[in-house]
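Overview (structure and organization)
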Amino acid sequence: MSENKKEEMDTLVALLKRRGFIYPTALIYDGVAGFFDYGPYGAAMKENIKRVWWEQFVSSRENIYGIDGAIVLPRVMLEASGHVGGFSDPITEDTETGERFRADHLLEEAGVDTEGMSTEDMTEAIEEGEIKSPAGNPLSEARDFNLMLKTQLGSDSGPRGEAYLRPETAQSIFVNFKNILDSFSPKLPFGIAQIGKAFRNEISPRNFVFRIRELEQMEVEYFVREEEWSEHFSEWQNIMNEFASRVGIDPDKLHEVEVSEADRAHYSKRTIDFEFEYPFGQKELWGLAYRTDYDLSRHIEHSGAKLEYFDQESGERFVPHVIEPSLGIERTMLAIFLSAYSTDETGEESRVFLKLPYEIAPVKVAVFPLLKNKPQLTSKAREIFSEIKKEIPATHFDDNGNIGKRYRRQDEIGTPFCITVDFDTLEDDSVTVRHRDTGEQERVAVSDIIAKIKNS
């Protein structure tokens, strides 16, 4: 990452911490790599993203069924899915300190293209290129490292008690396939959707919330006839682009990349990565995969359950194929923040503001009394604030500091509208409405505020 790009990233991270969006976990104990806590604004923004996703991917469609599956999964289930044996990243160690690194990351930083490389290939490339650890020490051979976080259930310390924190939300969906068939008798095509936590024991978490150990996914497994997979794949491709536009991701920084066979997951016959231009490079944001019938077939084989679809009209019984649009919330948030981060000049001062879409912004409206020490202004501002909050719950009252500082604070939070109650308000029942993106101000009657905001 260049110095300019590093400064861009550091500036954003500092703003998000200062303004109560994202904090490192256990910061008073020097933090823990790969984990983050979300402050009041970050938590509100996450909920807004999830609400928009759920509305667009689930509730607006009559053939999508939402679930909330368990986070802890038994070993036998993840053996069936292939995660116990195959969910891994290539790892290498500093032979003097024992510190571990992603082998592919070290090679890529040295200018080596690792696409399609096995761990043996990486070991050879490390030796031929005389690549060292960041400390300048020799590296061990590359090997596979399973990324799942293991736990033990109850007092049974043997294999029967082994379980894992789920590495993806998809498997919770596949094992509920029969339950949805039995409860709702859906017709193909139909989908099962879920928003939930997943855990990956990343070797080297980095780049803020981009590569982390605890993440939240928004996924749909869409069950289709094999011969129809391509048209449904294209349909979900369009839906994902629509979602990107809706949540404010810069379309000029978003790219659809066809993943080669060598780099696709073991279950995928076709995958498109939606990649975003982050300061640390163009990297994966979301994925769209054609998972074939791999998952259901594996669970049929290992569990003995009948995970087939029965077409009553044709009398046909078969295992459906699956299209999976998969979106991570944290990477989505980071792409939104990077797209929204803006600066301009207002008067003689420069300002920073987050140009967040209205439905994503954690605060929609902020209400100010012009002067905090004037009871009549404060009382009137409180009255207006209470009325607006009934219709727009994400409305905040702010009387901390002078009016300029309040504007700057709300700009950095991404608040689309600021309302100032002044002495003219006491005379004519109008207020000043300030628009975040332009900084322009206009007088609006108190009775028209809500309509003005909702129609802007």
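What you see is a predicted model; the values in this text were computed from it and never measured.

Some details on the overall build of the protein chain
When its secondary structure is counted, the protein chain shows 15 helices and 24 strands. By principal-axis analysis of the C-alpha atoms, the protein chain measures approximately 75 × 65 × 50 Å. Counting the 456 residues in the protein chain, one finds 49% classified as buried. As displayed, the protein chain offers around 21,600 Å² of accessible surface, 45% of which is attributable to carbon and sulfur atoms. Side-chain charges in the protein chain split into 54 positive and 84 negative, and the spacing between the mean points of these groups amounts to 7 Å.

Observations concerning the sheet that holds strand β12 (residues 254-258)
Here 7 strands make up an open sheet; going across it, the order is β3-β10-β11-β17-β14-β13-β12 and the pairing mixed. Strands with a single pairing partner mark the edges of an open sheet, and in this sheet they are β3 (64-67) and β12. On average, adjacent strands in this sheet sit at an angle of 25° to one another, irrespective of strand direction. The pairing of strand β10 (residues 190-199) with strand β11 (residues 214-224) spans 10 bridges and is classified as antiparallel. Bridged to G191 within β11 is Y222. This element, helix α11 (residues 329-340), spans β10, β11, β13 (270-278), β14 (281-292) and β17 (321-328) of the sheet and lies at about 40° to β13.

A word on the pattern of salt bridges
Scanning the model with the defined rule gives 40 salt bridges in all. In this structure, E162 engages K150 in a salt bridge whose closest nitrogen and oxygen atoms are separated by 3.5 Å. Of this pair, E162 sits in strand β9 (residues 162-165) while K150 sits in strand β8 (residues 149-152), and the two are 12 residues apart along the sequence. Relative accessible area serves as the criterion here: at 15%, E162 is assigned to the buried category. Where salt bridges share partners, they join K46, E47, K50, E216 and E330 into one cluster.

Focus: the sheet that holds strand β5 (residues 88-93)
In spatial order, the strands read β6-β5-β7; together these 3 strands make up an open sheet with antiparallel pairing. Each end of this open sheet is capped by a strand with a single partner; those strands are β6 (100-102) and β7 (143-146). Ignoring strand direction, the axes of neighbouring strands in this sheet form an average angle of 55°. In this sheet, β6 lies alongside β5 in antiparallel orientation, the contact comprising 3 bridges. Paired with I91 across the strands is R102, a residue of β6.

Examining the side chain of E330
Secondary-structure assignment places E330 in helix α11. Classification of E330 by relative accessible area gives buried; the value is 3%. In this view, E330 contacts Y38, K46, V209, I212, E214, L215 and E216; residues no more than four positions away in its chain are not counted.

Considerations on the nonpolar core
Grouped together as the largest cluster of nonpolar side chains are 57 residues, with contacts concentrated most on W53, F57, F243 and L334. With 8 residues, the single largest contributor to this core is α11. In contact with F243, not counting residues within four places along its chain, are I49, V52, W53, Q56, F57, M218, W286, L327 and T332. By size, the runner-up hydrophobic cluster in this structure holds 18 residues, among which are Y65, I180, L181 and V322.

Some points on the packing of aromatic side chains
Scanning all chains against the criterion turns up 26 aromatic pairs. Judged by centre distance (6.1 Å) and plane angle (55°), the ring pair of W53 and W54 falls under tilted. Looking at W53, the relative accessible area reads 0%, which means it is buried. Overall, W54 belongs to the partly exposed group, its relative accessible area being 29%. Taking the centre distance of 5.0 Å and the plane angle of 15° together, the rings of W53 and F57 count as stacked. Within this pair, W53 and its partner F57 are both found in helix α2 (residues 40-59), separated by 4 residues, close to a single helical turn. Three or more aromatic residues joined by ring pairs form one cluster here, namely W53, W54, F57, Y222, W236, F243, F274 and W286. Lying over the aromatic face of Y38, K46 brings its terminal NZ or CZ to 4.2 Å of the ring centre. The cationic tip of R331 hangs over the ring face of F210; the distance from NZ or CZ to the ring centre is 3.7 Å.

Reading the values: the criteria
- Residues numbered from 1 in each chain as written.
- Predicted model: local features only at pLDDT ≥ 70, side-chain atom pairs only at ≥ 80, totals over all residues.
- Heavy atoms only, no water.
- Helix = DSSP H or I, 4+ residues; strand = E, 2+ residues; numbered from the N terminus.
- Buried < 20%, exposed > 50% of the residue type's maximum accessible area, 1.4 Å probe, protein only.
- Areas by Shrake-Rupley, 256 points an atom, 1.4 Å probe, with all protein chains shown as cover.
- Lys, Arg positive; Asp, Glu negative; His and termini not counted.
- Charge placed at Lys NZ, Arg CZ, Asp CG, Glu CD.
- Pairing = 2+ DSSP bridges.
- Axes fitted to C-alpha atoms, helices over the stretch in contact; angles between N-to-C directions.
- Contact = heavy atoms within 4.5 Å.
- Salt bridge = Lys/Arg side-chain N within 4 Å of Asp/Glu carboxyl O.
- Core = buried A, V, L, I, M, F, W, Y, C linked by side-chain atoms within 4.5 Å.
- Phe/Tyr/Trp six-rings, centres within 6.5 Å; stacked < 30°, edge-to-face > 60°.
- Lys NZ or Arg CZ within 6 Å of the ring centre and 35° of its normal.

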